[in-house]
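Coordinate inspection notes
In case you want the letters, here they are:
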Amino acid sequence: MIRKPEIDKEMFKRSVLYNIKTLYRKSLEEANEQQIFQAVSYAVKDMIVDNWITTQEAYDKEDPKIVYYMSMEFLMGRALGNNMINLMAYKEFAEALEELGLDINMVEDQEPDAALGNGGLGRLAACFLDSLATLGYAAYGCGIRYRYGMFKQEIRDGYQIEAPDDWLREGNPFELRRPEYTKIIKFGGKVCTKWEDGRDIYYQEDYQSVKAIPYDLPIVGYGNGIVNTLRIWDAQPMDCFSLDSFDKGDYQKAVEQNNLAKNIVEVLYPNDNHYAGKELRLKQQYFFISASVQTAVEKYMSKHDDIHKFYEKVTFQLNDTHPTVAIAELMRILLDEYRLEWDEAWEITTKTCAYTNHTIMSEALEKWPVDLFSRLLPRIYQIIEEINRRFIIDIVNTYPDAADKIKKMAIIGDGQVKMAHLAIVAGYSVNGVARLHTEILKKQELKDFYELFPEKFNNKTNGITQRRFLLHGNPLLADWVTDKVGEDWIVDLPVIKGIEKYADDISAQKEFMAIKRQNKERLAKYILEHNGVEVSPDSIFDVQVKRLHEYKRQLLNILHVMYLYNQLKANPSMDFYPRTFIFGAKAAAGYKNAKLTIKLINSVADVVNNDKSINGKLKVVFIENYRVSNAEMIFAAADISEQISTASKEASGTGNMKFMLNGALTLGTMDGANVEIVEEVGREHAFIFGLSSDEVIRYENYGGYNPMDIYHQDAEIKRVVDQLVDGSYSKDKELFRSLYNSLLNTQSTDKADRYFILKDFRSYAEAHKEVEKAYRNTSGWAKSAILNVANVGKFTSDRTIKEYVDEIWHLDHVEIE
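On a predicted model such as this, the values are computed, not experimentally measured, just so you know.

Considerations on the overall build of the chain
Within the chain one finds 33 helices and 23 strands. Viewed in the frame of its principal axes, the chain has a C-alpha envelope of about 90 × 70 × 60 Å. Buried positions account for 61% of the 817 residues belonging to the chain. Taking all contacts inside the chain whose residues are at least 6 apart in sequence as the whole, residues at least 24 apart take part in 77%.

Considering the packing of helix H22 (residues 554-570) against helix H23 (residues 592-609)
Any two packed helices are characterised by the angle at which their axes cross and by the distance between the axes. Two numbers describe how H22 lies on H23: the axes approach to 10 Å, and their chain directions differ by 20 degrees. By the angle between their directions, the pair H22 and H23 is classed as roughly parallel. Two packed elements cross with a definite hand, and for H22 against H23 that hand is left-handed. From H22, Gln 554, Leu 555, Ile 558, Val 561, Met 562 and Tyr 565 reach across to H23, where they touch Thr 597, Leu 600, Ile 601, Val 604, Val 607 and Val 608.

Comments concerning the sheet that holds strand E13 (residues 367-369)
Strand order in the open sheet formed by 3 strands is E13-E15-E14, and the pairing between neighbours is antiparallel. This sheet does not close on itself; its edge strands, each paired only once, are E13 and strand E14 (412-413). Pairing between E13 and strand E15 (residues 416-418): 3 bridges, direction antiparallel. Directly across from Trp 368, in E15, lies its bridge partner Val 417. Here helix H16 (residues 419-426) sits on the sheet in contact with E13 and E15, set at roughly 40 degrees to E15.

Details of the sheet that holds strand E18 (residues 540-545)
Spatially, the 6 strands line up as an open sheet ordered E20-E19-E18-E21-E22-E23, and their pairing is parallel. Looking at which strands have only one partner, the edges of the open sheet turn out to be strand E20 (618-622) and strand E23 (687-688). In this sheet, strand E21 (residues 640-643) lies alongside E18 in parallel orientation, the contact comprising 2 bridges. Residue Asp 542 lies in a different strand from E21, and its bridge partner there is Ile 640.

Observations regarding the pattern of salt bridges
Two side chains bearing opposite charge may form a pair once their charged atoms approach each other closely. All told, the structure shown has 68 salt bridges when counted by the stated rule. As a salt-bridge pair, Asp 63 and Lys 313 come within 3.7 Å of each other at their nearest N and O atoms. In this pair, Asp 63 is assigned in the loop between helix H2 (33-62) and strand E1 (66-70) and Lys 313 in helix H10 (residues 310-313), connecting sequence segments 250 residues apart. The class for Lys 313 is partly exposed, based on a relative accessible area of 23%. Put simply, Lys 418 and Asp 414 hold a salt bridge, and the shortest N to O gap is 3.2 Å. Residues participating in the shared-partner salt-bridge network are Lys 9, Glu 10, Lys 13, Lys 91, Glu 95 and Glu 99.

Quick look at empty space enclosed by the protein
Using the criterion set out here, one finds 6 cavities of 30 Å³ or more in the structure. When its volume is computed, the largest cavity comes out at roughly 370 Å³. Taken together, 29 residues form the lining of the largest cavity, with Met 76, Gly 77, Arg 78, Ala 79 and Glu 111 sitting closest to its centre. Looking at the lining of the largest cavity, the elements with two or more residues in it are H2, helix H3 (80-86), helix H6 (120-135) and strand E9 (208-220). Looking at which element gives the most residues to the lining of the largest cavity, the answer is E9, with 4 residues. In this structure, the second largest cavity encloses a volume near 180 Å³.

Describing the packing of aromatic side chains
Enumeration according to the criterion identifies 25 aromatic pairs in this entry. Arranged with centres 5.5 Å apart and planes meeting at 70 degrees, the rings of Phe 128 and Tyr 804 form a pair that is edge-to-face. Placement of Phe 128 in helix H6 and of Tyr 804 in helix H33 (residues 797-809) is noted, with a sequence separation of 676 residues between them. Side by side, Phe 128 and Tyr 804 carry an identical accessibility label, which is buried. Relative to Phe 449, the ring of Phe 391 has its centre 6.4 Å away and its plane inclined at 10 degrees; by these criteria the two rings are stacked. Of this pair, Phe 391 sits in helix H14 (residues 378-398) while Phe 449 sits in helix H18 (residues 447-452); the two residues are 58 residues apart in sequence, bridging distant segments of the chain. Like Phe 449, Phe 391 is buried.

Conventions and cut-offs
- Residues numbered from 1 in each chain as written.
- Predicted model: local features only at pLDDT ≥ 70, side-chain atom pairs only at ≥ 80, totals over all residues.
- Heavy atoms only, no water.
- Helix = DSSP H or I, 4+ residues; strand = E, 2+ residues; numbered from the N terminus.
- Buried < 20%, exposed > 50% of the residue type's maximum accessible area, 1.4 Å probe, protein only.
- Contact = heavy atoms within 4.5 Å.
- Axes fitted to C-alpha atoms, helices over the stretch in contact; angles between N-to-C directions.
- Parallel < 35°, antiparallel > 145°, perpendicular 65-115°, else oblique.
- Left-handed = near helix turned anticlockwise from the far one by under 90°.
- Pairing = 2+ DSSP bridges.
- Salt bridge = Lys/Arg side-chain N within 4 Å of Asp/Glu carboxyl O.
- 1 Å grid on protein atoms, 1.4 Å probe; cavity = no way out; pocket = protein on both sides within 12 Å on 5 of 7 lines; lining within 4 Å.
- Points joined across faces, edges and corners; volume = space filled by probe spheres on them.
- Phe/Tyr/Trp six-rings, centres within 6.5 Å; stacked < 30°, edge-to-face > 60°.

Listed below in structure tokens is the structure:
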């Protein structure tokens, strides 16, 4: 039930001024922009806290089932604007600030993006929390309060430089520190047993421990008074400093406890190319999972007296394999603290934990070295060993050819603990995140598990929140949609289908394209300020923004730009519609080829953007430090959405949905959720190219593709590939050699062009010609763009969450009176 609250603007203004005075001992005129942001945020938070308290009181009274959404990442973006929108008071707040002589955009721009995530995995988690609150379901997000996040990306001389993202430097006005809920987390040591009550009781000795301190962030539901909680855990040493050790001269020991805690929460995804990095990642995972599971059990037992019914009121959703230790941690608590028998604990655990698989890439399914795992988490390892032992007995009892099945399916094998296997064996649900992805899991990557547990497998196609990515990110288009179909789309996105009837309306097309033009001008201004490159809003804005990975094929995109540049150089007067290619991506710190691709993009940009002979017909821009706040601006301005992963490799994608919501046309492969996007909007309103997933899988399984054939037979492709190593884009001809080798690998053809870049190149180039042809027809393009927005209804995270609730979690709906 939507309820628009009454906003007392005068009281809000007084609150802002009071906060400036009490926080900084200043007047409004003396305060700087950051101080004004903090004061405004605290004033908004005051309103939120009232609803937060009311929500918790309602939950205490109604005792609904709670989902704990456990994720290493929550890519939340800025909180102030989103909170004002979900309070249904953005306009009123903007007016109040204007009366104080303040521009709401200036205030919002002072907020750093919360550095709690990296890519689609974390942004999906953020969208899900928004939808859970908006739909009225009790939920906690559970994660880590990273001090520096992944990193702040800086581009220097074309290279990615990882700088600390010190997002907490000025403090986070929306968080609440909750030391009263501190938990103790134990690492290492040894497992001991004692005989008590006729059984062995397990306990740890000689362990290291840290305190987990929770910080709560409000998740505001849209217009319904509900405020859920994202609980992120900070680590603190048991004792801040061992003076005794220091006095005895053991300086290292004196700071050891402090460093243990500090390192755990320092950064997201520390480089795990070495043993210490792997150990730190595993520590991080157990740290936040143990704290979250302990909390969930305690919270349940504070209201109930029978731990056996835990799963009736609690469910854990494991967002990828990172939180899978929750399974063994819940077993540990039930066995060692509540003294349950194995079968009792197992029944509770297997009715509580559900697993979302986010990747088809087998190398991305986490595996931990047994020696590391057993040393760091000895009791957890014992429990996983026992789960594995019992599972192998089940396999032997089920299959005559058990040896082969055990090799493929065991949780512990080849000296590794396989977390995806544990999640599937212990989870009551295993879901993929797009229909194609789920089918590939069932038929290919997880085929053996699907045969054994078909009832566990299901699909939940990802979604996005229209409240952030249209209502907040593209207010001009949001107002246009509301003018045409009313406001219901904000909480019921399929209502947006109503704009379909305007797709052929010339006047509506002009309005729509005028909005797109304004958004392109806004982005062009941002690019000029941040990149020093002047781009024309009249050009086609062709955009690829996403995490940098070889399967996402940013390399294919930039090779095609090089190909277009070659054409323009050979024929400067050719009929060529001006194009601006916009990239944004972070590469993992230890991922050499991904980082080299960023350097290549910037090297090509340096050449192309400074070549006056092509008259600005082609521009290349790499947007530094891609994040949620600049993404909102990018999605709104895009004409073309590049979704060009190798078919069968992208689980879903959600950027594709955000572009569609903002009226960009998809240029992509039939991969991930692209398949469903094309189904919804019609193939004639997208540009599809490349191998199908079946064709890719066939080549991978049976061979038959040699990129050298294409290299030798297609002179234009050969020239582009050779330009990687002939000095065209670098004085150091060897700089891009590893990218060249990844395409041709002339020493061996079996792993050459693993992501079929050359195989798909011609088809990709032809799709781009179709783009140019379509864009020249302004009315036709506007129609297609409007139809993309009109048919985006399926891709709201509200729909995805409703499916999770109805088919997996079975939560209780709560309304605030």
